[in-house]
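Coordinate analysis (summary)
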Amino acid sequence: DTEVTQTPKHLVMGMTNKKSLKCEQHMGHRAMYWYKQKAKKPPELMFVYSYEKLSINESVPSRFSPECPNSSLLNLHLHALQPEDSALYLCASSQARTGAYEQYFGPGTRLTVT
Amino acid sequence: AQTVTQSQPEMSVQEAETVTLSCTYDTSENNYYLFWYKQPPSRQMILVIRQEAYKQQNATENRFSVNFQKAAKSFSLKISDSQLGDTAMYFCAFTRYNAGNMLTFGGGTRLMVKP
């Protein structure tokens, strides 16, 4: 099973809402990533978890709050977002953070902030 | 800091023909990895091919091959016998050795394969 799943596929939220994005993998990978991707642009790294610990935060605003409850699951909690946060949010996982292991990407959650 | 440049925002190719996508990068590192990722419309991004900088031999994966020119810092992707399913956004990416697998992506090339 080389699949990374993400839910929901689409999310529309108001600027005062609180919502969460979920990512799951069952490949035994110990590194998981959150990316933000705007239309026709490359993904931008937001967070990296390694062995369930946050190892990289790319200066992401605090209205985005990641969580890694266990080695298979990664959440992104959203609160008080802005319209410019509308984007495709991609989750990825890899065997580890060291070396250059292939990153397996999920299909993404398309977020619209109104 | 590393930069990755894809100079062709859009390309098109006829089915069954060959197309080459360009990628150049800038780094002072000697040990690194290069990748081509494919993102089809509304589908997951997948790894197409990877190249270790210390390997002189160009990587190949079925119809996909690269031309890795380390001195020129160039890493182009050749797709032979193009198929309709090759229509996608292609991203060139770079990571330093022991950089925690952090990818630096190029801006992407949108490839359209025409029947």
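A brief report on the enclosed structure follows. (Residues numbered from 1 in each chain as written. Chains lettered and ligands numbered in written order. Predicted model: local features only at pLDDT ≥ 70, side-chain atom pairs only at ≥ 80, totals over all residues. Heavy atoms only, no water.)

Moving on, we come to the overall build of chain B. Counting secondary structure elements, chain B contains zero helices and 12 strands. Along chain B, from the amino end to the carboxyl end, the secondary structure elements read β-β-β-β-β-β-β-β-β-β-β-β. For 115 residues, the compact-globule estimate of 2.2 N^0.38 gives 13 Å, and the C-alpha radius of gyration of chain B, at 14 Å, lies within 12% of that figure. Overall, the C-alpha framework of chain B stretches about 40 × 30 × 20 Å when taken along its three principal axes. (Helix = DSSP H or I, 4+ residues; strand = E, 2+ residues; numbered from the N terminus. Rg over C-alpha atoms; globule rule 2.2 N^0.38 Å.)

All names here are of chain A. By the criterion of burial, strand β9 (residues 87–94) is predominantly enclosed, with eight of the eight residues buried. Direction of pairing for strand β4 (residues 31–37) relative to β9: antiparallel, over a ladder of seven bridges. Paired with Met 32 across the bridge in β9 is Ser 93. Pairing analysis gives three bridges linking β9 to strand β11 (residues 109–113), with the strands arranged antiparallel. Within the sheet, the bridge partner assigned to Leu 88 lies in β11 and is Arg 110. By the bridge criterion, two bridges tie β9 to strand β10 (residues 104–105) in an arrangement that is antiparallel. (Buried < 20%, exposed > 50% of the residue type's maximum accessible area, 1.4 Å probe, protein only. Pairing = 2+ DSSP bridges.)

Further remarks concern unusual backbone geometry. Leave glycine aside and you will find that most residues have negative phi; peptide bonds, for their part, are mostly trans. That bond from Thr 7 of chain A to Pro 8 of chain A is cis: its omega, -10°, falls within 30 degrees of zero. Note on placement: Pro 8 of chain A falls in the loop between β1 (4–7) and β2 (10–13). Located in the positive-phi region is Lys 73 of chain B, a residue other than glycine, with phi close to 55°. With respect to the helices, strands and loops of the structure, Lys 73 of chain B is situated in the loop between β8 (64–69) and β9 (74–79).

Time to look at the state of the cysteines. Residue and element names in this part refer to chain A. A full pass over the atoms with the stated rule returns two disulfides over all chains. For Cys 23, the disulfide goes to Cys 91, at an S-S distance of 1.9 Å. Around the S-S axis, the bridge from Cys 23 to Cys 91 shows a dihedral of about -70° and counts as left-handed. Of this pair, Cys 23 sits in strand β3 (residues 18–25) while Cys 91 sits in strand β9, and the two are 68 residues apart along the sequence. You can call Cys 23 buried: its relative accessible area is 0%. In this structure Cys 68 is not part of a disulfide, and its nearest cysteine sulfur, from Cys 23, lies 9.2 Å away. (Disulfide = S-S within 2.5 Å.)

All names here are of chain B. Counting through the fold element by element, Thr 109 comes out in strand β12 (residues 109–114). Residue Thr 109 is classed as buried on the basis of its relative accessible area of 0%. For Thr 109, the side chain forms a polar contact with the main-chain oxygen of Gln 8, separated by 2.6 Å. Discounting chain neighbours no more than four positions away, the residues touching Thr 109 are Gln 6, Gln 8, Pro 9, Met 11, Leu 21, Ala 88, Met 89 and Tyr 90. (Polar contact = N/O pair within 3.5 Å; in protein donor to acceptor, adjacent residues only side chain to side chain. Contact = heavy atoms within 4.5 Å.)

Positionally, Thr 95 of chain B belongs in strand β10 (residues 88–96). Sequence-distant contacts of Thr 95 of chain B, defined by excluding residues within four places in its chain, comprise Ala 100 of chain A together with Tyr 32, Tyr 33, Phe 35, Asn 101, Met 102 and Leu 103 of chain B.

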